[in-house]
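If you want the building blocks of each chain, they are given just below.
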Amino acid sequence: MGWADAVLNDGSVSYAELARVFLRLSVTAFGGPVAHIALAEDELVTRRRWLTRDHYLDLIAAANLIPGPNSTEVMIHVGHSLRGIPGALVSGLCFIGPAFLITLALSFFYVNSGALPEVEALFRGIQPVIVAVIAGAGWRLLRSALQGQKLWLLFAFSAALLAATELPEVLVMLLAGLLHVTWQTRAAMATPAFLLTGLPAIPGELLLTAGTPGLGELFLYFLRIGAILFGSGYLLVAYIQQDLVVSYGWLGPQQLLDAIAIGQTTPGPVLTTSTAIGTIVAGLPGALLATLGIFLPSFIFVMLSAPFIPRLRQSASVRHFLAGVHAAVVAAILVTLLGLARTALSDSAGQPWLPGLALCALSLIALVRWQVNATWLVLIGGVAGLLMNSAGL
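Thresholds applied
- Residues numbered from 1 in each chain as written.
- Predicted model: local features only at pLDDT ≥ 70, side-chain atom pairs only at ≥ 80, totals over all residues.
- Heavy atoms only, no water.
- Helix = DSSP H or I, 4+ residues; strand = E, 2+ residues; numbered from the N terminus.
- Buried < 20%, exposed > 50% of the residue type's maximum accessible area, 1.4 Å probe, protein only.
- Contact = heavy atoms within 4.5 Å.
- Areas by Shrake-Rupley, 256 points an atom, 1.4 Å probe, with all protein chains shown as cover.
- Axes fitted to C-alpha atoms, helices over the stretch in contact; angles between N-to-C directions.
- Parallel < 35°, antiparallel > 145°, perpendicular 65-115°, else oblique.
- Left-handed = near helix turned anticlockwise from the far one by under 90°.
- Nonpolar A, V, L, I, M, F, W, Y, C, P; charged D, E, K, R; others polar.
- Polar contact = N/O pair within 3.5 Å; in protein donor to acceptor, adjacent residues only side chain to side chain.
- Expected span 1.5 Å × (residues − 1).
- Bend = angle between axes of the 7 residues up to and from the residue.
- Salt bridge = Lys/Arg side-chain N within 4 Å of Asp/Glu carboxyl O.
- Lys, Arg positive; Asp, Glu negative; His and termini not counted.
- Phe/Tyr/Trp six-rings, centres within 6.5 Å; stacked < 30°, edge-to-face > 60°.
- Lys NZ or Arg CZ within 6 Å of the ring centre and 35° of its normal.
- pLDDT = per-residue confidence, 0-100.
- Arc of directions from axis to C-beta.
- Core = buried A, V, L, I, M, F, W, Y, C linked by side-chain atoms within 4.5 Å.

Caption draft 1: Inspection of the overall build of the protein chain at higher detail. Tallying secondary structure elements over the protein chain gives 15 helices and 0 strands in all. In the protein chain, which comprises 393 residues, the proportion classed as buried is 52%. For the protein chain, contacts bridging at least 24 residues in sequence account for 74% of all contacts bridging at least 6. Here the protein chain displays about 16,800 Å² of accessible surface, and carbon together with sulfur accounts for 66% of that area.

Written out as structure tokens, the structure reads:
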């Protein structure tokens, strides 16, 4: 299949349609980056057939190999593939925008009341549905990505590494890609040229002050984080905990935990945690600048890298490299799925949670047998969570 065939509806997707799809994804994409990617696969590849599954895997691989939140960058890449730079802006802003507004509203509620609205019950019902959505998408991506014994071996190797070690996902993906290149060429001479540049240099530490930061200081801090953060938005916690609480004292420990809770329990990108932090530290201007700072590098990196993806496909060595990365991507999805399933399908005592298991099984059947839109299942899961909480389940 040529790259031109990878975009099944090239030129026919309007900006309005693109905006509608990504606005809806933003308000229903609970569960973290892997869940976002799975929901988008169901909507964009399976249902609308805007992209082929192989092309979508390439976009996931590309997003994982550049700094920034990978699920947000996948959405920006999709828009770029369909409608160029304007499409990238539409898809990215529509995916980030509603999540930003929801997070902002919850953050102002928290700042003014010192508490969070009750969202645990809602999210408790959504989690089993997310497990089903990821399982369905993971199975479809697995069948597309693992063509041949070598790729199955790389998949197993990558899954074992990710499960047994704390290696960053990007390193496991690079290793899988290089191993596949070596196997396919029978020599180590085929290292893709674009890898020789290495990872982007991490900028030097900004001059940060203790106490309440200025707006420019807040923006530059999150700009730096957005420029060096690889992989999942959950890694943001590791970056900011030492800085904001211990070193600079911008937040108290409980404030940081509450900001993280807001970011994780609202739909859309997990990095909207930065919105909550900005609101707590400096109100609305802080929320706007922190959000702009952390997401701006993603748009820049995608714009710079997207034009090279179809060209890279013309090289046999790079095709082999991307195939290896695809195997590691599917492995990362599997490892994430297992971790989420343990949380979503267990009760507070660690025992199987029967209502959650039933909800997950029914959702998977609805997705596979009747091809129900995952968006509706997420909404149904949220309502089920509220009802189960009222019934004491």
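Caption draft 2: Quick look at the packing of helix α7 (residues 169–185) against helix α13 (residues 316–344). One way to put it is that α7 packs onto α13 with a least axis distance of 7 Å and a crossing angle of 140°. As judged from the angle between their axes, α7 and α13 are oblique. Crossing angle aside, the handedness with which α7 passes α13 is right-handed. In this structure, α7 contributes Glu 169, Val 172, Met 173, Leu 174, Ala 176, Gly 177, Leu 178, His 180, Val 181 and Gln 184 to the contact, and α13 contributes Ser 317, His 320, Phe 321, Ala 323, Gly 324, Val 325, Ala 328, Val 329, Ala 332 and Thr 336. Residues of the contact of α7 with α13, tallied by class, amount to 12 nonpolar, 7 polar and 1 charged.

Caption draft 3: Spotlight on the side chain of Ser 274. Mapped onto the secondary structure, Ser 274 falls in helix α11 (residues 273–305). Side-chain polar atoms of Ser 274 contact the backbone oxygen of Leu 271, separated by 2.7 Å.

Caption draft 4: Local environment of helix α2 (residues 33–47). If you check α2, its first and last C-alpha atoms are 20 Å apart, about what 15 residues at 1.5 Å a residue would give, namely 21 Å. Maximum bend of α2: about 30°, positioned at Glu 41. Within α2, 13 of the 15 residues are buried, which leaves the element mostly enclosed by the surrounding structure. Arg 49 sits one or two positions beyond α2 and adopts a positive phi of about 55°.

Caption draft 5: Geometry of the pattern of salt bridges. Scanning the model with the defined rule gives 4 salt bridges in all. Across the pair Glu 43 and Arg 48 runs a salt bridge whose closest N-O atoms are separated by 2.6 Å. Through salt bridges with shared partners, a single network forms among Glu 17, Arg 24, Glu 43 and Arg 48.

Caption draft 6: Focus on the packing of α2 against helix α4 (residues 70–113). Axis separation between α2 and α4 bottoms out at 7 Å; the angle between their running directions is 40°. In contact with Pro 33, His 36, Ile 37, Ala 40 and Leu 44 of α2, α4 contributes Asn 70, Ser 71, Val 74, Met 75, Val 78 and Phe 95. A per-class count over the contact of α2 with α4 returns 8 nonpolar, 3 polar and no charged.

Caption draft 7: Focus on the side chain of Glu 73. By secondary structure assignment, the location of Glu 73 is in helix α4. No salt bridge is formed by the buried Glu 73; its nearest oppositely charged neighbour, Arg 224, is found at 16 Å. When sequence neighbours within four positions are dropped, the list of residues in contact with Glu 73 reads Ala 63, Ile 66, Pro 67, Gly 68, Ser 298, Phe 301 and Val 302.

Caption draft 8: Highlighting the packing of aromatic side chains. Scanning all chains against the criterion turns up 3 aromatic pairs. Ring plane angle 85° and centroid distance 5.3 Å describe the contact between Tyr 221 and Phe 222, whose orientation is recorded as edge-to-face. Take Phe 222: its relative accessible area is 0%, and that puts it in the buried class. Relative to Trp 250, the ring of Tyr 221 has its centre 5.6 Å away and its plane inclined at 75°; by these criteria the two rings are edge-to-face. Taken together, the positions of Tyr 221 in helix α8 (residues 215–228) and Trp 250 in the loop between α9 (236–247) and α10 (253–265) put the pair 29 residues apart, joining distant regions of the chain. Look at Trp 250 and you get buried, because its relative accessible area is 7%. Taken together through their ring pairs, the aromatic side chains of Tyr 221, Phe 222 and Trp 250 make up a single cluster. The ring of Tyr 15 has Arg 83 sitting right over it, with the charged end atom 4.1 Å from the ring centre. Here the guanidinium or amino end of Arg 124 rests over the ring plane of Trp 353, the centre of that ring lying 4.1 Å away.

Caption draft 9: View of the confidence of the model for the protein chain. Confidence in the prediction for the protein chain averages 81 pLDDT; 85% of positions are at 70 or higher. Across residues 187–210, confidence stays below pLDDT 50; counting only partners more than four residues off in sequence or on other chains, it has 37 contacts.

Caption draft 10: Structural context of the environment of Leu 162. Mapped onto the secondary structure, Leu 162 falls in helix α6 (residues 149–164). Taking the relative accessible area as the measure of exposure, Leu 162 reaches 14% and is therefore buried. Aside from chain neighbours lying at most four places away, what touches Leu 162 is Leu 167, Glu 169, Val 172, Ala 328, Ala 331, Ala 332 and Val 335.

Caption draft 11: Representation of α6. The terminal C-alpha atoms of α6 lie 23 Å apart, and with 16 residues this matches the ideal 22 Å at 1.5 Å per residue to within 8%. Here α6 has its buried residues at Leu 151, Leu 154, Phe 155, Ser 158, Ala 159, Leu 161 and Leu 162. All buried residues of α6 fall inside an arc of 165° around its axis, so they share one side. Those residues of α6 that are exposed and angled more than 90 degrees off the buried face are Gln 149, Ala 163 and Ala 164.

Caption draft 12: Up close: the nonpolar core. Residues Phe 22, Leu 39, Trp 50, Tyr 56, Val 78, Ile 130 and Ile 134 are the most contacted members of the largest nonpolar core, which totals 86 residues. Of the residues forming this core, the biggest block, 16 residues, is contributed by α13.

Caption draft 13: Molecular detail of the environment of Ala 332. For Ala 332, the location among the structural elements is in helix α13. For the pair Ala 332 and Glu 169, spaced 163 residues apart in sequence, the C-alpha to C-alpha distance is 7.3 Å. The contacts of Ala 332, once residues within four sequence positions are left out, are Leu 162, Glu 169 and Met 173.

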